[in-house]
Amino acid sequence: MPEIDPKFSYLYVAKNEMPDTYAYFDNVANSIVVREDVYDRALNGSGRDRFTLAHELGHYVLHSSGVQLCRSDGGRVVTYCDPEWQANTFASKLLMPDHLIYTLTPSEISKEFGTSYQAAEIALYKAKKAKLAT
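Keep in mind the model is a prediction, meaning the values are calculated, not measured.

Q: In this structure, what is going on with the nonpolar core? I would like to understand it.
A: Within soluble globular proteins, side chains that are nonpolar generally end up buried alongside one another. If you look at the biggest cluster of nonpolar residues, it comprises 13 residues, and the most contacted ones within it are Phe51, Leu95, Met96, Ile101, Ile109 and Phe113. Elements with a minimum of two residues in this core: α2 (47–63), α3 (83–95), α5 (106–113) and α6 (117–133). The element that contributes the greatest number of residues to this core is α6, accounting for five residues. With residues near it in sequence (within four places) discarded, Ile101 still touches Met96, Ile109, Phe113, Ala123, Leu124 and Ala127.

Below, the structure written as structure tokens:
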């Protein structure tokens, strides 16, 4: 990513530095901060951890304007305006493009695209729903 955006950076931290957080995107510093154990598992093919990194990359691509975004318990946010929904959708489409998965089973998707079974189920449901809408 630094080759594409010289302002982008990433940082690996020890698990004890972020015991309750796997990774996050700091849009002020334009940096993804990820726990070392999450990064290592992603490199070793853990679907959940690969999705986590793709999710944070989604925040970088979609939300790196320097505006701090957060969710609150105050008001209802339209789903597609929720930055977490946006990052999840980005990660899903990056790792499991609709046109490549809609004829597969969740098990096939999980194995072929290196994702968790749960992420594959959700992606397949949404891909089939989108296919029906066209």
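Once the structure has been displayed, the description carries forward.
Q: When you look at the sheet that holds strand β1 (residues 9–13) in this model, what are you seeing that I'm missing?
A: What links the strands of a sheet is backbone hydrogen bonding, and the strands pair in either a parallel or an antiparallel sense. Pairing is mixed across the open sheet formed by three strands, whose spatial order is β1-β3-β2. Edge strands, defined here as strands with exactly one partner in the open sheet, are β1 and β2 (23–26). Taken over all neighbouring pairs, the strand axes of this sheet differ in orientation by 15° on average, direction set aside. Packing of helix α1 (residues 36–43) onto the sheet brings it into contact with β1 and β3 (31–35), and relative to β3 it is tilted by some 85°.

The rules behind each value
Residues numbered from 1 in each chain as written. Predicted model: local features only at pLDDT ≥ 70, side-chain atom pairs only at ≥ 80, totals over all residues. Heavy atoms only, no water. Core = buried A, V, L, I, M, F, W, Y, C linked by side-chain atoms within 4.5 Å. Buried < 20%, exposed > 50% of the residue type's maximum accessible area, 1.4 Å probe, protein only. Helix = DSSP H or I, 4+ residues; strand = E, 2+ residues; numbered from the N terminus. Contact = heavy atoms within 4.5 Å. Pairing = 2+ DSSP bridges. Axes fitted to C-alpha atoms, helices over the stretch in contact; angles between N-to-C directions.

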